[in-house]
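Chain by chain, the residues run as shown.
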Amino acid sequence: MNFFLETMQVLLLSIWYNVESFIHLFVPMKKKNIAGEVVLISGAGSGIGRLMAQEFAALGTVLVLWDINQEGMKETARLAKQSGASRVHYYLCDCSDKSEVYRVADQVKREVGDVSILVNNAGIVTGKKFMDAPDSLIEKTVEVNTMAHFWTYKAFLPAMIANNHGHLVSIASSAGLIGVNGLADYCASKFAAVGFAESVGLELLATGKDGVKTTIVCPYFINTGMFDGCQTKWPRLLPILDPNYVAKKIIDAVLTDQVFLLLPKSMYLITALKKIQEIWVVLMV
């Protein structure tokens, strides 16, 4: 294909995807049925992980919970059963430890079966400026927020590819799109998580595995305790998010195969403006 045809193809596809997105602002996409699907959620012992577990449970899924907090998982499992989960299993797993991820993943496959919806939700934040953060905490942030995604994909993606069926969900952050003062290590880990998830999604499409969907979630700060003390200068434009609202929006995004979910909606505009600024800087050099 020559340069002119390739350029036209890119332009037409861009126009089509934008028109499609505009149409879906007014015509909701049909939601898929995930009853009976095996859903694994890391970081399920509290916060958004627990709330997502309850939402998935109400849809009749089989839940697999991972966390380092066993008591937290027990409570999540109890709430999920109340919400209607057909089965709930929970396992202690330190997602930053590659060998432990592989070991527990093998146990899950033996005892529960193949995971068809993987939700990488586990995350940590040091809350320290770059020069004040100990090396060990910086390494841990990258191990949990980024590298764990590599290991869980390696463990569970092969079955999805073989069946051409599944869904990969990456709970990233708006800090994975725009740098934030005082969160250098966290931003770096989330930028990497976004890039990794997007790249794997494109790789799946390129190899014809369009039955394996991907959803990348980039919310602003959520009121779960992880970012206690954080404030917003523009509460109307960038409010601290309610965790129940975020959990419901994530489930809706999964059910409609939404590739990117940015919260609040103003993040779409802010991200677009950042891209325009970057292009302008390049053109002015």
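Analysis parameters
- Residues numbered from 1 in each chain as written.
- Predicted model: local features only at pLDDT ≥ 70, side-chain atom pairs only at ≥ 80, totals over all residues.
- Heavy atoms only, no water.
- Helix = DSSP H or I, 4+ residues; strand = E, 2+ residues; numbered from the N terminus.
- Buried < 20%, exposed > 50% of the residue type's maximum accessible area, 1.4 Å probe, protein only.
- Contact = heavy atoms within 4.5 Å.
- Pairing = 2+ DSSP bridges.
- Axes fitted to C-alpha atoms, helices over the stretch in contact; angles between N-to-C directions.
- Core = buried A, V, L, I, M, F, W, Y, C linked by side-chain atoms within 4.5 Å.

Asker: When you look at the overall build of the protein in this model, what are you seeing that I'm missing?
Answerer: Scanning the protein for helices and strands turns up eight helices and seven strands. The buried share among the 285 residues of the protein stands at 43%. Of all intrachain contacts in the protein linking residues separated by at least 6 positions in sequence, the fraction that spans at least 24 positions is 68%.

Asker: Is there a simple way to think about unusual backbone geometry in this case?
Answerer: Glycine aside, the phi torsion of most residues is negative, and most peptide linkages are trans. Cis geometry marks the peptide bond from L263 to P264, where omega comes out at -5 degrees. In this structure, P264 sits in the loop between β7 (260–263) and α8 (266–284). One non-glycine residue, N164, adopts positive backbone phi at about 45 degrees. Following the sequence through the fold, N164 ends up in the loop between α5 (135–163) and β5 (166–171).

Asker: Would you take a moment to explain the side chain of N121 for this structure?
Answerer: Counting through the fold element by element, N121 comes out in the loop between β4 (117–120) and α5. Apart from residues lying up to four places away in sequence, N121 is in contact with I41, S42, G43, I48, G49, M52 and I171.

Asker: Honestly, the sheet that holds strand β1 (residues 38–42) in this entry has me stumped. Any pointers?
Answerer: Two modes of strand pairing occur in sheets, parallel and antiparallel, and in both the strands are linked by backbone hydrogen bonds. Strand order across the open sheet formed by seven strands is β3-β2-β1-β4-β5-β6-β7, with parallel pairing between neighbours. Only two strands of the sheet have a single partner each, and these edge strands are β3 (87–92) and β7. Each neighbouring strand pair of the sheet contributes to a mean axis angle of 15 degrees, computed without reference to strand direction. Bridge analysis of β1 against strand β2 (residues 62–67) gives five bridges, and the strand direction is parallel. If you follow V38 over to β2, its bridge partner there is V62. Contacts from helix α2 (residues 47–57) reach β1, β2, β4 and β5 within the one sheet, and its direction differs from that of β1 by about 170 degrees. In this fold helix α4 (residues 98–111) packs onto β2 and β3, with an angle of close to 155 degrees to the strand it touches most, β3.

Asker: Can you walk me through the nonpolar core in this structure?
Answerer: A general tendency of soluble globular proteins is for nonpolar side chains to be buried together. In terms of nonpolar packing, the biggest core is built from 77 residues, with M52, F56, L63 and W66 touching the most fellow members. With eight residues, the single largest contributor to this core is α5. Each residue touching L63, except ones within four places of it in the same chain, is listed here: V39, I41, A53, F56, A57, A80, A85, R87, V88 and H89.

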